[in-house]
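The lines below spell out each chain.
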Amino acid sequence: MLVDWLYVAVFGVVGVLLAILPLAIVWLISPRGEYPQKLLTYESGVVPFGQAWSQFNVRYYLFSLAFVLFDVEVIYLYPWAIVFKELGAFAFTEMFVFLAILFIALVYAWRKGALEWV
Amino acid sequence: MREAVIPVSWILEIVKATLSAVAVFTFAAVFAAMLGVYLERKISGWIQARVGPKHVGPQGILQTVADTIKLLQKENIVPRHADYLVFSSAPLIVTVAALLGYVVIPWGKLGDWVLIVRDLNIGVLYFAAMSSLVVIGILTGGWSSNNKYALLGGLRSASQLISYELPLGFAIISVAMMAGSLSTVEIVNAQQDVWFVFKQPLAFLIFLTAAAAETNRVPFDLPEAESELVAGYFAEYTGMRFALFQLGEYAEMLAMAAMTTVLFLGGWRGPWLPPILWFFIKTYAVVFFFMWVRWTYPRLRIDQLLNLSWKVLLPLGLLNILVTGLVVTLAR
């Protein structure tokens, strides 16, 4: 069990090292030329005005809120999906109630217009 | 008095894990990225009545190798106003997150031995978690570039990926309910008689749509959207960093196709041919399907994209779980 996750950890570390390897080769052999225009942010050929780190559409925030709600729901569904065959009709009814409540939440968010892109 | 020594078996496991990691990553770089890009160019050429790459190697098969060598010689440019540390780490996050999913993919069977790095007992959940890590890389890349196109691409990508993760999860849960396990090997074994694509056709369609969206393929390629956002989140990336983003994207696509095969198309099962060959035939058939769709359909608008996920796929996925649960409970 622990060995399984050892593999995952080793995969992560080796993956980072292997991804750095070509970058190291580039660092060794790539040409370097410094002039101010090259380091400008690309903005379709005109001199960029202002920074990109500014306020952005609140819509993205609403979708992420709705996502958190349903993602937590999905996490509860995983263990249930494995064992519900043994637990029988009771477990199914329980989950039906849970899903029904969340479905009502989805309908509510829909009616309130949280899912509309403006 | 006990001494804190690492057991020999653990060192052996670390060596084995390192070797398999190098093997799997090399495999992904060659078969997912290089072959994937080549196939994409050939298939797009074929669909658009062109020839595609032809000159480097027989039928242009070495074109991607040449491109990689070219990219190795390019300078890594970091824009002056970018956040250097975050900017450099974004391509690494995307690549590693895409490759970590390969741990749980069963490539085939030799005798009784399943070709899998590690058969995690929460395999498909782990796979879904790793594939959603990609969004962190894309968002950091888009934000740290300090470029308006890149920021917009990154934000779109974040909202798209989180929206389609839910239907993807629902489709996986429907399959897990049928198989009674989250382990990829168990799921393939559960399809001994009938593939799940016939038992769960709706979940299959939902999974395929969500997989195309998760890998940013057309018609869901809004994060990149060449014609409006230049290249989206990787607009400022050059040379090898750009190549790492591409590697991550194609590795993710092959992983998604392999997972479609595992969940719905019976994994390595099939008559006559060896299991490994069957697995690759099915996986590349799904890859071909993704490419076919890409060169056939135009891009969706962002409101259409989010509507499809939240108002169509999400209720359908919930309904599918309820119907599956009802049928399985009644058939007990």
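Note that the structure is predicted; figures quoted are calculated from it, not measured. (Residues numbered from 1 in each chain as written. Chains lettered and ligands numbered in written order. Predicted model: local features only at pLDDT ≥ 70, side-chain atom pairs only at ≥ 80, totals over all residues. Heavy atoms only, no water.)

Overview of the packing of aromatic side chains
One pair of aromatic rings is described through two measures. These are the centre distance and the angle between the planes. The final tally for this structure, using the stated rule, is 22 aromatic pairs over all chains. Summarising the aromatic geometry, the rings of tryptophan 80 of chain A and phenylalanine 84 of chain A are spaced 5.0 Å apart at their centres and angled 35° between planes, so their arrangement reads as tilted. On the criterion of helical spacing, the pair formed by tryptophan 80 of chain A and phenylalanine 84 of chain A is a turn pair, its members being four residues apart in helix α2 (residues 59–87). Here the two residues tryptophan 80 of chain A and phenylalanine 84 of chain A agree in accessibility, since each one is buried. Ring centres of phenylalanine 289 of chain B and phenylalanine 290 of chain B lie 6.4 Å apart, and the angle between their planes is 50°; on these two criteria the pair is classed as tilted. Sitting over the face of the ring of tyrosine 7 of chain A, arginine 118 of chain B holds its NZ or CZ atom 4.6 Å from the ring centroid. (Phe/Tyr/Trp six-rings, centres within 6.5 Å; stacked < 30°, edge-to-face > 60°. Helix = DSSP H or I, 4+ residues; strand = E, 2+ residues; numbered from the N terminus. Buried < 20%, exposed > 50% of the residue type's maximum accessible area, 1.4 Å probe, protein only. Lys NZ or Arg CZ within 6 Å of the ring centre and 35° of its normal.)

Observations concerning the pattern of salt bridges
Residues and elements named next belong to chain B. Counted according to the given criterion, the structure contains four salt bridges over all chains. Ionic pairing is found between lysine 16 and glutamate 13, a salt bridge with its closest N-O pair at 3.9 Å. Of this pair, lysine 16 and glutamate 13 both sit in helix α1 (residues 8–47), three residues apart, roughly one helical turn. A relative accessible area of 46% means that lysine 16 is categorised as partly exposed. A salt bridge links glutamate 40 to arginine 294; the shortest N-O distance between them is 3.3 Å. Separated by 254 residues along the polypeptide, glutamate 40 in helix α1 and arginine 294 in helix α11 (residues 275–294) bring together distant segments of the chain. Across the pair, arginine 294 and glutamate 40 agree in class, each one buried. (Salt bridge = Lys/Arg side-chain N within 4 Å of Asp/Glu carboxyl O.)

Notes on the interface of chain B and chain A
Between chain B and chain A, the contact holds 83 residues from the first and 67 residues from the second. Considering only the surface of chain B that becomes buried against chain A, Lys148, Trp310 and Lys311 of chain B emerge as the three largest contributors, covering 10% of it. Where chain B meets chain A, there are one salt bridge. Residue arginine 118 of chain B pairs with aspartate 4 of chain A through a salt bridge whose shortest N-O separation is 2.7 Å. The tally of links from chain B across to chain A stands at two residue pairs in polar contact (both at pLDDT 80 or more). Looking at the side of chain B that touches chain A, the elements with two or more residues in it are α1, α2 (63–72), α3 (84–100), α4 (123–144), α5 (148–179), α10 (239–264) and α12 (302–330) of chain B. For the side of chain B that touches chain A, the element with the most residues is α5 of chain B, which contributes 18 residues. When the residues that make up the side of chain B that touches chain A are grouped by side-chain class, the tally is 49 nonpolar, 18 polar and 16 charged. (Contact = heavy atoms within 4.5 Å. Buried area = accessible area lost by both parts, 1.4 Å probe. Polar contact = N/O pair within 3.5 Å; in protein donor to acceptor, adjacent residues only side chain to side chain. Nonpolar A, V, L, I, M, F, W, Y, C, P; charged D, E, K, R; others polar.)

Here we look at the nonpolar core
Ranked by size, the top nonpolar core spans 117 residues in total, and within it Trp80 of chain A together with Tyr102, Phe207 and Trp310 of chain B carry the most contacts. The dominant element in this core, judged by the number of residues it contributes, is α10 of chain B, at 16 residues. Once you skip the residues sitting within four places of it in the chain, tyrosine 102 of chain B turns out to touch Val24, Phe27, Ala28, Ala32, Trp107, Val117, Ala251, Leu254 and Ala255 of chain B. Listed in part, the 15 residues of the second largest apolar core include Ala82, Val135, Ile138 and Tyr233 of chain B. (Core = buried A, V, L, I, M, F, W, Y, C linked by side-chain atoms within 4.5 Å.)

Focus on unusual backbone geometry
Residue and element names in this part refer to chain B. The backbone phi angle of alanine 49 is positive, close to 60°, even though this residue is not glycine. Within the secondary structure layout, alanine 49 lies in the loop between α1 and α2. You will see that asparagine 146, though not glycine, has its phi angle at about 55°, which is positive. Owing to a relative accessible area of 4%, asparagine 146 belongs among the buried residues under this scheme.

Some thoughts on the packing of α3 of chain B against α4 of chain B
Residues and elements named next belong to chain B. The N-to-C vectors of α3 and α4 enclose an angle of 165°; their axes lie 8 Å apart at closest approach. On the basis of their axis angle, the class for α3 and α4 is roughly antiparallel. As for how α3 packs across α4, the hand of that crossing is left-handed. Across from Val86, Phe87, Ala90, Ile93, Val94, Ala97, Ala98 and Leu100 in α3, the residues of α4 making contact are Tyr126, Met130, Leu133, Val134, Gly137, Ile138, Thr140, Gly141 and Ser144. (Axes fitted to C-alpha atoms, helices over the stretch in contact; angles between N-to-C directions. Parallel < 35°, antiparallel > 145°, perpendicular 65-115°, else oblique. Left-handed = near helix turned anticlockwise from the far one by under 90°.)

So, a nonpolar patch on the surface
A cluster of nonpolar side chains, namely Leu18, Leu21, Ile25, Trp27, Leu28 and Ile29 of chain A together with Val22 of chain B, defines an oily patch on the protein surface of about 690 Å² accessible area. Ranked by residue count, the leading element in the nonpolar patch is helix α1 (residues 2–29) of chain A, at six residues. (Patch = residues over 30% accessible without salt bridge, like charges linked within 9 Å, V, L, I, M, F, W, Y side chains within 5 Å. Areas by Shrake-Rupley, 256 points an atom, 1.4 Å probe, with all protein chains shown as cover.)

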